[in-house]
Amino acid sequence: MPQTVVSNEPLIRLACFAGVFAALALWELLAPRRPQEIGRARRWPNNIGVVVLDTLVLRLLFPTAAVGVALWGEARGIGLLNNLALPGWLKVAAAVVVLDLAIYLQHVIFHRVPLLWRLHRMHHADLEFDVTTGVRFHPVEIVLSMLIKFAVVLGLGAPALGVLVFEVLLNATSMFNHSNIRLEPRLERLIRLVVVTPEMHRVHHSILRRETHSNFGFNLAWWDRLFGTYRPQPEAGHEGMTIGLPEFRDARELRLDRMLLQPLRKGPPPSGKP
């Protein structure tokens, strides 16, 4: 199984990404939650371009990704779970939950530390909110995130299967909770008890900084409630709220070249007011 996981990890992740992306893109087309002033033709080539660039950078720097690190640690008995006699399914579940908590904490830190915020704000500078926003991250942030993930995987002793399940879930839920889809309100309230929904995460992309610094979760919805960063609704309502950052309102900032240079541009610190 380990060799099968490593050899097929890129294909598994690509297939899951393509399937989820296609399904959500179609859903957005058939049942959009909010009207969009800036069309797909202007935003999507750039947002998809950055995820292609991110993937190439990661595969060049870390060919086996986090799954390979998990196998390396397992072979050497490194990490907590590799030294506990627990059922395999429990190790997988524990890895998914702990890695999700790590991503939540990382997200909070990237909002609090000015240098890291300069990298992360590219994700928030999108002027619309849809499935492609969920894959719009600066390549340097992606590399730092992977290094943090390596440390957590080794310290925890996460099994390779657990890491793969987490990576697939994180990618899928990131696209889901950024998607511009309409959900039946009662169903949405039930889903957000466990998983972050678009209604919940859209608040995080508000132009108001007090809302930007809330709802940090990507997958499990528990962490924001547990750590006091949960905000149920935007002040202006989902139809009336403004998406993005006050310092990047020009539509030219949606171009790939300008997106990549945004960390070098001046702007208010993460604690600043709009």
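Above this text is the structure in question.
Residues numbered from 1 in each chain as written. Predicted model: local features only at pLDDT ≥ 70, side-chain atom pairs only at ≥ 80, totals over all residues. Heavy atoms only, no water.

Draft legend 1. Just the nonpolar core, in detail. Core analysis: the biggest nonpolar cluster contains 27 residues, and Val153 and Val163 have the highest contact counts within it. When residues of this core are traced back to their parent elements, those giving at least two are helix H3 (65–75), helix H4 (88–112), helix H6 (139–156) and helix H7 (160–178). For valine 153, the contacting residues outside a window of four places in its chain are Ala66, Val69, Ala70, Leu99, Ala158 and Val163. With 11 residues, the next largest nonpolar core counts Phe21, Leu24, Val135 and Ile181 among its residues. (Core = buried A, V, L, I, M, F, W, Y, C linked by side-chain atoms within 4.5 Å. Buried < 20%, exposed > 50% of the residue type's maximum accessible area, 1.4 Å probe, protein only. Helix = DSSP H or I, 4+ residues; strand = E, 2+ residues; numbered from the N terminus. Contact = heavy atoms within 4.5 Å.)

Draft legend 2. Summary view of the side chain of arginine 192. Residue position: arginine 192 is located in the loop between helix H8 (185–191) and helix H9 (198–202). At a separation of 2.8 Å, a polar atom in the side chain of arginine 192 contacts the side chain of tyrosine 230. Residues in contact with arginine 192, not counting those within four places in the same chain, are Thr197, Glu199, Met200, Ala221, Arg225, Tyr230, Pro232 and Gln233. (Polar contact = N/O pair within 3.5 Å; in protein donor to acceptor, adjacent residues only side chain to side chain.)

Draft legend 3. Structural detail: helix H5 (residues 114–124). In terms of burial, H5 is largely enclosed, as 8 of its 11 residues are buried. Where H5 is concerned, the buried positions are Leu116, Trp117, Leu119, His120, Arg121, Met122, His123 and His124. Structurally, H5 contributes buried residues whose contacts are with helix H2 (40–61), H4, H6, H7, helix H10 (209–212) and helix H13 (256–261).

Draft legend 4. Spotlight on the side chain of serine 174. Position of serine 174 relative to the elements: it lies in helix H7. At 2.7 Å, the side chain of serine 174 and the backbone oxygen of glycine 134 are in polar contact. When near neighbours in sequence (up to four residues on either side) are disregarded, serine 174 contacts Gly134, Phe137 and Phe218.

Draft legend 5. Region of the structure containing the environment of serine 179. Among the secondary structure elements, serine 179 is positioned in the loop between H7 and H8. Along the sequence, serine 179 and glycine 162 sit 17 residues apart, while their C-alpha atoms lie 25 Å from each other. Ignoring anything within four residues of it in the chain, the contact list for serine 179 reads Leu24, Glu28, Phe129, Asp130, Val131, Pro198 and Arg202.

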